[in-house]
Each structure stands twice: as structure tokens, then as C-alpha cells.
Amino acid sequence: MRRAFVLLAFTLVIVSGPFAPASMASPEDPGAAAGEAVEDAPAPPALMENALDGVPPDDERMQAYSHGNYILFVVDVVWSIGLLLLIVMTGFGGWMQRLVERWTQAPNRKVLGYVVLYTIAVFICTFPLSAYSGFFREKKYGFATQTLSQWLGDQGKGLVIAVILQALFCMILYMAIRRLGRQWWIAGTAIGIAFVILIVAIAPVFIAPLFNTFEPMKDAALRDEILAMAHSQDIPAEEVFEVDASRQSTHNNAYVTGLFGTQRIVLYDTMLKNFARREIKFIMGHEMGHYVLNHIWKTIAFLALIILAGFFTVDRVARRVIEGRPSYGIRAFSEPASLPLILLVFSIFLLATSPLVNSVSRYHEQQADLFGLEVTGDPAAAASSFIRFGKEDLGE
């Protein structure tokens, strides 16, 4: 349900995947690369030895962590859909609207008040699972670096951002529902995609800095190499940013994000510490592939089709439920009390289409991997980076 609301409100932004921009440089001696490290900084690790000889077997912690993530995903889906069913079938969604109507009868303000109340209620109901998966379990495996109070602070900021964005999106969506009737799903798709583009554009400069500090990369030599790679592929980047991701976790990542002049090349400080320079170049090549191959825009176009079909399904199914189940307390599809039902139908639709969505995502990742290989000409670094991700992040 959180996943459906995030997509519906379009605070979920599919950008690139677990990597970032690339390298035209030829393979180099690992020792020489280490010698180029910033003065007084620890030398970066060398490539994994014999990385091309085969994938080493997963250790017990790797399997336990990864398999646990699979189980948590299933639990989250079941809990989310079950919670939505409970909200709809018990009439709790209708009760929340009646509560909001004590404050206002104005349609737009009713939607705003309802979304705020609903988002807080859902946050409370899903908090135990979020705390376990996002903090206590991460602490158990040695990834989380925050205290509980610091983690709660980030959760609080995330809740405020979610309330603002979701309330704004839902207000505009319900305006379309009231004015367009049975044709709302066409305009709703356009509104949704507009929000996707908006969030992709503003997230790097307005949202991400609320949680972390972004500074120009301290390793000037590596920075120059990455920018040269980006410029060789006509990527308009003037800076490479290093983010203090270690304040939250020891996980490794890098990415390219942004649109319309807000593009940023970003590397986690953990990755700069834990990965060899050649590995970082391949990872950047992977991310550069996402940009050059227009995966952001292709993903947005694909999302538009999914959202269009999903909204059409929501309209047909939810209206019948409202007409046939007056006990649910939803007076009309155009009333904010219909939101949990809309999310329920949309959640089930997303679950049904997830194999298709995941297949497209995996295809893009494969294309980006091949691009990174072509751009760097360094298969040993590619193999080594994948193995190191498994070792450092306990991924199968």
C-alpha cells in the first residue's frame, strides 16, 4: 500500500538503478590507481583477484540477508494490501472523511485534510515493519550507522515531504475526477507523469539535500576522469558530487539523476572508500549508459502506459464497489473517502503487472551493463565490481 501510494503520488521516481556515470579510460594497473589517491586519504582497494575466473559462492550472511529481503518484500505486499482492505471494508476510510468534514466542506480542502490524516494513519500502521526492516535489521547486519533518534528524524522529514507531495497530487487528481467524470483517468495519467517529471527534476536540489550533504568530490584526479568520461558521451555535467551516505548506512551506491539542468553525478562516500578506482569507472559507465540510452524518458513513457491502464482499471472496478457496497461509507468516487479503495485496486493492478515492469527494468540494467563494458573496455573491473557489491552489501 505504501508502494502504491508512492507511485500514485509519484514520490516514487524510477531514475537509473543501483549505479552511476562512466569511463573511456583503458584498464590500468591497480597499484598505479591507488597511488593517485588524495593525499592523506587511505589508498582505495585493488581489484578482486581472479575476478574473471568465476563467481565465488555466497556466504551464509549473504544468503540470510538477501533471502530475508525477499521475505520482507512479500510480507510488505501482504500487509499493505491487507491494511487497505481493512480500511475500506470496515468503513474507516469513510469515517476519516466525516472527521475532515467537521473542519471544512470545501472540496479541495477536504482532499488536503483527508490525505494528511490518511498518510499519518498509514505511517503509524506500517511503522513497526518499517522500523524492523529499515533500522533494527540493518543494525543487526552492520549496515545502519545512525542512532534510533537520528533514524526517526529522517523518517519524520520523509513523512512531511510525503504529506506535502501526496496532498498536492491528490488535490489535483480529484479536481480532474470531479470535472471530467468517467474520463478522469486520461487526465489523471497526464497529471501523474507531470509529477514524475517534476520530482525527478527537483529531487536532486531540493529534496535529497534535506537528508544528506552533497559536496564536490575531494579526489580531484578521479573527478576529472569522471567528467572527461561524461563529456565524451555528451553528458552535460560540470561537477561530480560526493554524498555523506555513511551518516545513514555503510551500503554502497552511485547514481546520475535530475532533469532540465538539475542533473547530478553522485557517488556515496562509502563507495569511494570501499571500491577500486577501475570498479568505480565501470559503475559510472553503467550509469552513463542509462543517460545516453535515454532510460529515464523511456521509463517515464512506459510508466505512462502502466498508469493509464491502472487508472482505467481503477475507474471500472472502484465505481462498481462503491455502488454495490454502501456499507463501506464511500458516498461517491469523487469523494476523498474513495482514496483507500483507489489505492487498493491500483495496488493489486501493480502486483499483477510487476513481472512486466521488472522485466523492462532488468532489460535496461543489462543494456547499461553492456554500455559500461564498451565504454571502459575493462571486463575485469566489471566482474570485480559485481563481486564486491555482493561482498560489501550482502547481495546475492
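All figures in this text were calculated on a predicted structure; none of them were measured in a lab. (Residues numbered from 1 in each chain as written. Predicted model: local features only at pLDDT ≥ 70, side-chain atom pairs only at ≥ 80, totals over all residues. Heavy atoms only, no water.)

**Q** Any chance you could explain the nonpolar core here in plain terms?
**A** Nonpolar side chains tend toward joint burial in soluble globular proteins. Counting 54 residues, the largest nonpolar core has Tyr118, Trp184, Val314, Phe333, Leu339 and Leu341 as its most contacted members. Every element with two or more residues in this core is listed here: helix H3 (60-89), helix H4 (92-101), helix H5 (107-140), helix H6 (148-180), helix H7 (184-207), helix H11 (295-324) and helix H12 (339-376). The leading source of residues in this core is H11, at 10 residues. Discounting chain neighbours no more than four positions away, the residues touching Val314 are Trp184, Arg319, Phe333, Ile342, Val345 and Phe346. (Core = buried A, V, L, I, M, F, W, Y, C linked by side-chain atoms within 4.5 Å. Buried < 20%, exposed > 50% of the residue type's maximum accessible area, 1.4 Å probe, protein only. Helix = DSSP H or I, 4+ residues; strand = E, 2+ residues; numbered from the N terminus. Contact = heavy atoms within 4.5 Å.)

**Q** Please explain the packing of aromatic side chains as it appears in this structure.
**A** As enumerated under the stated definition, the model contains 17 aromatic pairs in all. Ring plane angle 45° and centroid distance 5.9 Å describe the contact between Phe123 and Phe127, whose orientation is recorded as tilted. Of this pair, Phe123 and Phe127 both sit in helix H5, 4 residues apart, which is roughly one turn of that helix. For the pair Trp185 and Phe312, a centre-to-centre distance of 5.0 Å together with 75° between the ring planes defines the contact as edge-to-face. Of this pair, Trp185 sits in helix H7 while Phe312 is found in helix H11, placing the two residues 127 residues apart along the sequence. When its relative accessible area of 34% is taken as the criterion, Phe312 is described as partly exposed. Taken together, the ring pairs connect Phe123, Phe127, Phe135, Phe136 and Trp151 into an aromatic cluster. When the ring centre of Phe214 is taken as origin, the NZ or CZ atom of Arg264, which lies over that ring, is 5.4 Å away. (Phe/Tyr/Trp six-rings, centres within 6.5 Å; stacked < 30°, edge-to-face > 60°. Lys NZ or Arg CZ within 6 Å of the ring centre and 35° of its normal.)

**Q** What am I meant to see in the side chain of Thr104 here?
**A** Mapped onto the fold, Thr104 is located in the loop between H4 and H5. A relative accessible area of 6% means that Thr104 is categorised as buried. Within the structure, Thr104 has its side chain in polar contact with the backbone nitrogen of Ala106 (distance 3.1 Å). Setting aside chain neighbours within four positions, we find Thr104 in contact with Arg109 and Lys110. (Polar contact = N/O pair within 3.5 Å; in protein donor to acceptor, adjacent residues only side chain to side chain.)

**Q** Help me out: how do you make sense of the sheet that holds strand E2 (residues 240-243) in this one?
**A** To summarise the sheet geometry, strands pair through backbone hydrogen bonds and adopt either a parallel or an antiparallel arrangement. The strand order across the open sheet built from 4 strands is E1-E2-E4-E3, with neighbouring strands paired in mixed fashion. In this open sheet, the two edge strands, each paired with only one partner strand, are strand E1 (214-216) and strand E3 (254-257). Put simply, the sheet's adjacent strands are angled 30° from each other on average, direction ignored. Here E2 runs beside strand E4 (residues 264-268); their pairing, made up of 4 bridges, is parallel. The residue of E4 that forms the bridge with Phe241 is Val266. (Pairing = 2+ DSSP bridges. Axes fitted to C-alpha atoms, helices over the stretch in contact; angles between N-to-C directions.)

**Q** Would you take a moment to explain the confidence of the model for the chain for this structure?
**A** For any part of a model where pLDDT is low, the fine detail of the predicted coordinates should not be relied upon. For the chain, per-residue confidence averages 86 on the pLDDT scale, and 89% of positions sit at 70 or higher. Overall, residues 1-40 carries pLDDT values under 50, and its contacts beyond four positions in sequence, including any with other chains, amount to 151 contacts. (pLDDT = per-residue confidence, 0-100.)

**Q** Which parts of the structure should I look at to understand the side chain of Thr353?
**A** Take Thr353: it is sitting in helix H12. Residue Thr353 is classed as buried on the basis of its relative accessible area of 15%. For Thr353, the side chain forms a polar contact with the main-chain oxygen of Leu350, separated by 3.2 Å.

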